Structures are given as structure tokens and as C-alpha cells.
Protein chains: 2
Amino acid sequence: MGATMETVSKAKSHGGVQGVYRHDSRVTGTPMTFAVFVPPQAAQGPLPVLWYLSGLTCTHANVMEKGEYRAAAAAQGVIIVAPDTSPRGGEVPDEPDNWQFGSGAGFYLDATQAPYATHYRMYSYIVDELTALVAAQFPADMSRQGIFGHSMGGHGALTLALKHPDRFRSCSAFAPIVQPSTADWSRPALEKYLGTDESAWRAYDAVALIEDGKRFPEFLVDQGGADPFLDTGLRPQLLADACREAGIPLTLHLREGYDHSYFFISTFMADHIAWHAARLCR
Amino acid sequence: MGATMETVSKAKSHGGVQGVYRHDSRVTGTPMTFAVFVPPQAAQGPLPVLWYLSGLTCTHANVMEKGEYRAAAAAQGVIIVAPDTSPRGGEVPDEPDNWQFGSGAGFYLDATQAPYATHYRMYSYIVDELTALVAAQFPADMSRQGIFGHSMGGHGALTLALKHPDRFRSCSAFAPIVQPSTADWSRPALEKYLGTDESAWRAYDAVALIEDGKRFPEFLVDQGGADPFLDTGLRPQLLADACREAGIPLTLHLREGYDHSYFFISTFMADHIAWHAARLCR
């Protein structure tokens, strides 16, 4: 527990080390696996930390294998941390045939409803426990943290940044779910995790957080124009409207012809990492 | 058959199109799947073709997902073709528990021994049938072809280049099996595919082909220094010795700390693509 972790694998890549690690989480009550890339500049001292939160169905491995982040992270001197998207294991309540709830769909929140409240606590897991573990185990300058993510992980990045503007200096997203409390593919999950009182959902909804007064210096969002979830689940215009209303600068790129996959994400990964680095390294 | 193929998937990536295609191969007698990345420059006319041959256990998908080749291919204007590594399917004789033979281990040869000779014909499949299909279906300038690959696919790239110096203008490899006829992990496969007369194996062995008089203008090889197969299966020094003896320029980079995985390959992928492009685009 605490700062104890085991190394699952380590490989040199792009001059740095791509590792996969596992620890027993007291927050989720399960073993948790995560990936960390430490670029070569770590030999000269602590480096900024950029958190990447993944989307529905993903583990730490999807972005590690398909995200193409190592070249840019090594060029910029930024550590990349990729957590899992939910607790997993036999004792964790799940709906194996439902990709929008349960395993792979933790939505970066702390569930309040039985039987989910025991294990589904990805918000506290990342913000408290994994953050402390990363600080203790890696050459990380925790005064310089940024956060980004994809889809459900874009939702995670936006909401965590809005709730911790003191901690995160930069936030961006690929095709984020900007208002999960009103999207068909996320409402059932929020109800199961948080109950039927929708006012409780607003703490895990980027647009609602902005409406309720949370602020962040600026956001960068890339969205594929051929994303099949664009008009139903993602709806970046809702974020644009909320940001304009709140005076939060938002750079929103609609990328014509790109879908929701890592073929899209990897195309703009280097742009996002450079954007974060400009804010984390200055 | 012939030039008929179906599109399995297509996604925009790095400005180009990453596709996966399937066709009924008359050479292997099975459906065959392969990946092609067409960079955006194809709108201006036919582009050079760079073949990537994968290693043991791989399909077309490993390099497509983990190879990080699209950024460099789009920057250089080179089409990347990634074939499968063997025929597959219920009618194909296989040893499912043996990763060094059968499915995923076609060794880019034409088997001569029953029952393998019917389907295991990856040499003719790539050199004849898939080449014709690519020429017919993609904006490819077939007068400008290069070839590279990893491990068993490095063996494939070296042997195909040595046998077709008229066709391929450039050849490189990541951690290639340079002399499969003397390595423990490949000898059993060659015996099953080609029979016990080892003189027949020399046609599918890069070092033996060079010893027997085949030539190629130059080779580029990257090899991880922490590759667990370095001293037993790969032995790049054997290629270096043969090239020196034959007067073939070989650039051999021993990369300290790198293993045999795509974490290694992806690190040097852009270097290799630029090296090929310098020879294919001039």
C-alpha cells in the first residue's frame, strides 16, 4: 500500500523508459496498473508530469501502444502518466457486456451508490493516491502538472483541471465528452454511480462545473469531424458556449475527416504535448 | 481473386489514410489481410512504396498500431505496405502452441514439403500476387520500391532485396534474423517447410545468399543491445562479416539498452523511413 509498487515491465524507448507498474490501491480496494514514460532528461533533474486519461474500454495500454507520445515527450522533456480507466477484478461489480459502464468506464468519479461506491473511486484514486505514488516513485516535479485525455478521458481531464486549477497548469483533450450528464451514452452510468439526483452529477460534468463557477486559464481541444460520436455524445459546441460565457479561452480544432480512434489521437499527439510543454516548462 | 479486394477499415491519420484490406489469395489459397498507409501527397501523383515485413507472431496490425510510421511516411511521401506473416485459417496446417512455426511464422518462403507447400507460400504471395494487387489498387510508383522489416521480417526484407535487386532500391532492417539456417529458433521451421536438404535453405538465408553471390547496393540495420535474442537468434555480426567479405556497405547501429519490441522499433522508425525516402525519392 501507499508508495509500494511493482514493476510489470520496462523498456527503453525514444531515449527514455516506458514502464508499466502495479500497486494495491487502498482507494479502489483493487490492484491497479498504470504506465509511466520517463524521458531521458530525467537524468538532469525532476520533470513536469503530463497525465493522460483514456477513454471508454481502454486500459493504460491503449495510449501506450497506439498514442505515439514518446517521441514528443522525449523531445519536450515531459513525463507521461497513463492510469487505467476503472478498478478491475472479480470482486468489482461490473456489467461485462456494457462498454459504457463498469470495467473500462470509471468516468473519473467517486461513486456514491451501492454496490459501486466501494471500488469505483477513480477520482480520488488519481487525484490523491496515484498522484502521491508518482511523486514518491518517479523523477517528477509535481509543481508542474498538466492533464489531457481522450473521450471519457477528455471529460476526466477537463473536470479534474476545473476542480484543481491550483494543481494543473495546462489542460487539453481529444474528442472529450464535455457534458456527460446530458448524453445518452453516459447518463445511465452517472445514475448508477451517483444516484438519481442529477444535481450530484454536476461535480463530474465540465460544462456544469463552468456554469457553476469553476474556472481554468485556457483549454485546447481537438475533435475529429468524422467522429461517429460527435453530435450525440461529444458535442464540443456545448463546451465552446460555456467557455465563451465564462470568459475561458478555448482553442477548438475541428479536424476534417478524422474519426474517434487512436489514428486521430496520434496525429495530433505531438501538437498537444508541445502545447502543454510550453506551459509546463516556462 | 486477382485484383479484387475488400476494405476492412479505413481511417484518416497524419493527413493520409490508414487502411486494412482483405483478398482471396490464389497463392496461399486463403483470405489474406494487409495494411496500407497512403500519405496525403498521393493526391499529386504516384508515390514510392516501402514494404514492411513483420516478425514472428505478428499480423499486419502490430506495426500498424505500434510502429509509429505514419508521421514519417506522411512527412516523406512514402506508401507503407504491411503484409501478414503467414497464411491463416482452419485448412492451413499449423502448430498453435509453436510461435516459431506455422501461423505467424511463414518466414517469407515458399514451402516445398507436404503438408505445408499448399498454403505456406509467403515468398510468392508477396513478390508476385500482393505486389500486383498493390500496383493495381493504390497510387503506387512500382519503379520506386523499398523494403524493411523486423526480426523474421528483417530476414524477409534482406532476402527479398538480395533476390530482387532490380526491384528494390533500398533495404533496411530492425534486429533481423540474418542467418536462419543456423539459428535454433528457425532451423526447425526451415526443415519442416523446405525439407532436410539444407542446401535448399540457402535461398532463404541472407548470409548464404551473399556467400552465394547475391548483391545489394547497401543495407541499414538497427539492433538493440539489450535484445534477448541478440546472441542466439539474430547475430548481426554474421551479416557484417558477409557484407564486408562481399563489399556490400552495411550501416549497423547497435542501440544500447533497447530490446526486441516495438518500443525499440518505433524509436528508430523515422530514421529508417527517411533513409529509404532519400533513396526512393531522389
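Quick notes on the rules
- Residues numbered from 1 in each chain as written.
- Chains lettered and ligands numbered in written order.
- Predicted model: local features only at pLDDT ≥ 70, side-chain atom pairs only at ≥ 80, totals over all residues.
- Heavy atoms only, no water.
- Helix = DSSP H or I, 4+ residues; strand = E, 2+ residues; numbered from the N terminus.
- Rg over C-alpha atoms; globule rule 2.2 N^0.38 Å.
- Contact = heavy atoms within 4.5 Å.
- Lys, Arg positive; Asp, Glu negative; His and termini not counted.
- Charge placed at Lys NZ, Arg CZ, Asp CG, Glu CD.
- pLDDT = per-residue confidence, 0-100.
- Buried < 20%, exposed > 50% of the residue type's maximum accessible area, 1.4 Å probe, protein only.
- Arc of directions from axis to C-beta.
- Buried area = accessible area lost by both parts, 1.4 Å probe.
- Salt bridge = Lys/Arg side-chain N within 4 Å of Asp/Glu carboxyl O.
- Polar contact = N/O pair within 3.5 Å; in protein donor to acceptor, adjacent residues only side chain to side chain.
- Nonpolar A, V, L, I, M, F, W, Y, C, P; charged D, E, K, R; others polar.
- Pairing = 2+ DSSP bridges.
- Axes fitted to C-alpha atoms, helices over the stretch in contact; angles between N-to-C directions.
- Right-handed = clockwise from strand over helix to strand, strands pointing away.
- Least-squares fit on C-alpha atoms with pLDDT ≥ 70 in both.

S.K.: A description of the overall build of chain A should follow, citing residues and the corresponding values.
M.R.: When you go through chain A residue by residue, the secondary structure sums to 9 helices and 9 strands. Taking 282 residues into account, the globule formula puts the C-alpha radius of gyration at 19 Å, and chain A, at 17 Å, falls close to it. Referenced to the eigenvectors of the C-alpha coordinate spread, the extents of chain A come out at roughly 50 × 40 × 35 Å. The long-range share in chain A, meaning contacts at least 24 apart out of those at least 6 apart in sequence, stands at 73%. Of the side chains in chain A, 22 bear a positive and 30 a negative charge, and the two mean positions are spaced by 7 Å.

S.K.: Talk me through the confidence of the model for chain A; I want residue IDs and the actual numbers.
M.R.: Per-residue confidence for chain A gives a mean pLDDT of 97, with 99% of residues at or over 70. With pTM at 0.96, the complex prediction returns an ipTM value of 0.94.

S.K.: Outline helix α8 (residues 236-246) of chain B, supporting the account with residue identities and numerical values.
M.R.: Residues and elements named next belong to chain B. Looking at α8, one finds that the buried residues are Pro 236, Leu 239, Ala 240, Ala 242, Cys 243 and Ala 246. Within α8, the buried residues cover an arc of 165 degrees as seen down the axis, which keeps them to one side. For α8, exposure combined with an orientation more than 90 degrees from the buried face picks out Arg 244 and Glu 245. Contact partners of the buried residues in α8: α4 (152-163), α6 (206-211), β8 (219-224), α7 (230-234) and β9 (250-255).

S.K.: Give me the environment of A:Pro176: which residues, what numbers.
M.R.: For A:Pro176, the position within the fold is in the loop between β7 (168-174) and α5 (187-194). Excluding residues that lie within four positions of it along the chain, A:Pro176 makes contacts with A:Ser151, A:Gly154, A:His155, A:Leu158, A:Val221 and A:Leu234.

S.K.: Got a sec to walk through the side chain of B:Ser151? Specific residues and values, please.
M.R.: All names here are of chain B. Relative to the helices and strands, Ser 151 is located in the loop between β6 (140-150) and α4. A relative accessible area of 4% places Ser 151 in the buried class. Residues in contact with Ser 151, not counting those within four places in the same chain, are Gly 55, Phe 174, Ala 175, Pro 176, Ile 177, Trp 185, Leu 234 and His 260.

S.K.: Explain the interface of chain A and chain B to me, using residue names and the numbers behind them.
M.R.: At the interface, 19 residues of chain A touch 19 residues of chain B. Here chain A meets chain B over a buried area of about 1700 Å², counting both sides, of which 51% is carbon and sulfur. Among the residues of chain A in contact with chain B, A:Lys12, A:Glu68 and A:Phe263 are the three that bury the most area, contributing 38% of the side total. Between chain A and chain B we count 4 salt bridges in total. In this structure, the salt-bridge partner of A:Glu65 is B:Lys66, at a minimum N-O distance of 3.9 Å. Inspection of the chain A/chain B interface yields 14 residue pairs in polar contact (both at pLDDT 80 or more). Going through the elements one at a time, β1 (6-13), α1 (61-66) and α9 (262-280) of chain A are the ones with two or more residues in the side of chain A that touches chain B. The greatest single-element share of the side of chain A that touches chain B, amounting to 4 residues, is contributed by α9(A). Tallied by class, the residues present in the side of chain A that touches chain B amount to 5 nonpolar, 7 polar and 7 charged.

S.K.: Account for the sheet that holds strand β3 (residues 31-38) of chain A, with residues named and values stated.
M.R.: Within a sheet, neighbouring strands are paired by backbone hydrogen bonds and run either parallel or antiparallel to one another. All names here are of chain A. Spatial ordering of the open sheet is given by β1-β2-β3-β5-β4-β6-β7-β8-β9, a layout of 9 strands whose pairing is mixed. A single partner strand is all that each edge strand has here, and the edge strands are β1 and β9 (250-255). The mean angle between the axes of side-by-side strands here comes to 20 degrees, regardless of whether they run parallel or antiparallel. On top of the sheet, helix α4 (residues 152-163) reaches β4 (47-53), β6 (140-150), β7 and β8 (219-224); it is set at about 140 degrees to β6, its chief contact.

S.K.: A description of the pairing of strand β7 (residues 168-174) of chain B should follow, citing residues and the corresponding values.
M.R.: Residues and elements named next belong to chain B. Within β7, 6 of the 7 residues are buried, which leaves the element mostly enclosed by the surrounding structure. In the sheet, β6 pairs with β7 via 6 bridges, with the strands oriented parallel. Pairing of Gly 146 across the sheet is with Ser 170, part of β7. The parallel pair β6 and β7, bridged by α4, forms a crossover whose chirality is right-handed. Two strands pair when backbone bridges link them, and β7 and β8 are joined in this way by 3 bridges, in the parallel orientation. Counted as the bridge partner of Phe 174 is Asp 222 from β8.

S.K.: Help me get a handle on the sheet that holds strand β4 (residues 47-53) of chain B, residues and values and all.
M.R.: All names here are of chain B. Pairing is mixed in the open sheet, where 9 strands are placed in the order β1-β2-β3-β5-β4-β6-β7-β8-β9. Of all strands in the sheet, those with a lone pairing partner are β1 (6-13) and β9, marking the two edges. With strand direction ignored, the average angle separating the axes of adjacent strands in the sheet is 20 degrees. Bridge count between β4 and β6: 6 bridges; the pairing is parallel. Counted as the bridge partner of Leu 53 is Gly 149 from β6. Here helix α9 (residues 262-280) sits on the sheet in contact with β4, β5 (79-83), β6, β7, β8 and β9, set at roughly 165 degrees to β7.

S.K.: Mind laying out the relation of the copies chain A and chain B, listing which residues take part and the relevant values?
M.R.: Under the fitted operation, chain A is carried onto chain B by 0.0 Å of movement along the axis and a turn of 180 degrees, and the coordinates agree to an RMSD of 0.0 Å. What the superposition gives is, in effect, a two-fold axis relating one chain to the other.

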